[in-house]
Amino acid sequence: MSRTRRGLLAGARTAFAERGVKKTTMQHIAAAANVAKATLYNHFRTKDDVAHALIAFELDRLSALAAELPLTVAVPALAEEVGGHPVLRRLAENEPETLVQMMALDADRWADVVVTLGSALRISRPEAELVCRWLLGLVLQPGTVQERAAQAAVVTGQLVG
């Protein structure tokens, strides 16, 4: 991924976290990325395109994080990344319908996410399915840091036990 595109997605993350998706404009995203609006439009046609690209980028980032860590560290780290993600928290509080819409994946895309995360964590497909469903639950209901840590310990215990 080019440095420009990465910068645009970082700007989108900032803008969406500050305003939510509905109230964010392409101008807000460009400003947060410190680029001209034309530069943003060279990479993305619509705000929805930006949001979808940001989701894909974040999934790739989380998979890369998981791949670098031992399972007992990766699972709690993923829980914190998902539970504390600024865009997800903003949407859960102010735009739950947008959040649900953004998290809805067709069967093929869900399978890709499961396989990618399973590979990163070095776990079986059924185990990866369980972890993905748990993380998806954290998107909608993150709970507290302590609750996420306790749940991560249970999930990890099931995976290594």
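Model, not experiment: these values are computed from the prediction. (Residues numbered from 1 in each chain as written. Predicted model: local features only at pLDDT ≥ 70, side-chain atom pairs only at ≥ 80, totals over all residues. Heavy atoms only, no water.)

What to know about the overall build of the chain
Alright, step 1. Helix and strand counts for the chain come out as 10 helices and 0 strands.
Alright, step 2. Counting from the amino terminus, the chain carries its helices and strands in the arrangement α-α-α-α-α-α-α-α-α-α.
Alright, step 3. Taken over C-alpha atoms, the radius of gyration comes to 16 Å for the chain, in line with the 15 Å a tight globule of 161 residues would show.
Alright, step 4. With the principal axes as the frame, the chain shows a C-alpha extent of 55 × 30 × 25 Å. (Helix = DSSP H or I, 4+ residues; strand = E, 2+ residues; numbered from the N terminus. Rg over C-alpha atoms; globule rule 2.2 N^0.38 Å.)

With respect to the pattern of salt bridges
Alright, step 1. Enumeration over the complete set of coordinates arrives at 7 salt bridges.
Alright, step 2. With its nearest N and O atoms 2.5 Å apart, the salt bridge here joins K22 to E97. In this pair, K22 is assigned in the loop between helix 1 (3-19) and helix 2 (26-32) and E97 in helix 7 (residues 96-103), connecting sequence segments 75 residues apart.
Alright, step 3. Between R61 and E81 there is a salt bridge, with its nearest N and O atoms 2.9 Å apart. In this pair, R61 is assigned in helix 4 (residues 47-68) and E81 in helix 5 (residues 71-83), connecting sequence segments 20 residues apart.
Alright, step 4. When salt bridges that share partners are traced, they join R13, E58, R61 and E81 into one network. (Salt bridge = Lys/Arg side-chain N within 4 Å of Asp/Glu carboxyl O.)

Considering helix 5
Alright, step 1. Across its 13 residues, helix 5 extends 18 Å between first and last C-alpha, which sits within 8% of the 18 Å expected from 1.5 Å per residue.
Alright, step 2. Looking at helix 5, one finds that the buried residues are L71, A74, V75, L78, A79, V82 and G83. Along the axis of helix 5, the buried residues cluster in a sector spanning 150°; they form a single face.
Alright, step 3. Residues of helix 5 that are buried in the fold lie against helix 4, helix 6 (86-94), helix 8 (107-121), helix 9 (125-140) and helix 10 (145-160). (Expected span 1.5 Å × (residues − 1). Buried < 20%, exposed > 50% of the residue type's maximum accessible area, 1.4 Å probe, protein only. Arc of directions from axis to C-beta. Contact = heavy atoms within 4.5 Å.)

A word on the environment of A77
Alright, step 1. Along the chain, A77 falls in helix 5.
Alright, step 2. When near neighbours in sequence (up to four residues on either side) are disregarded, A77 contacts L65 and L69.

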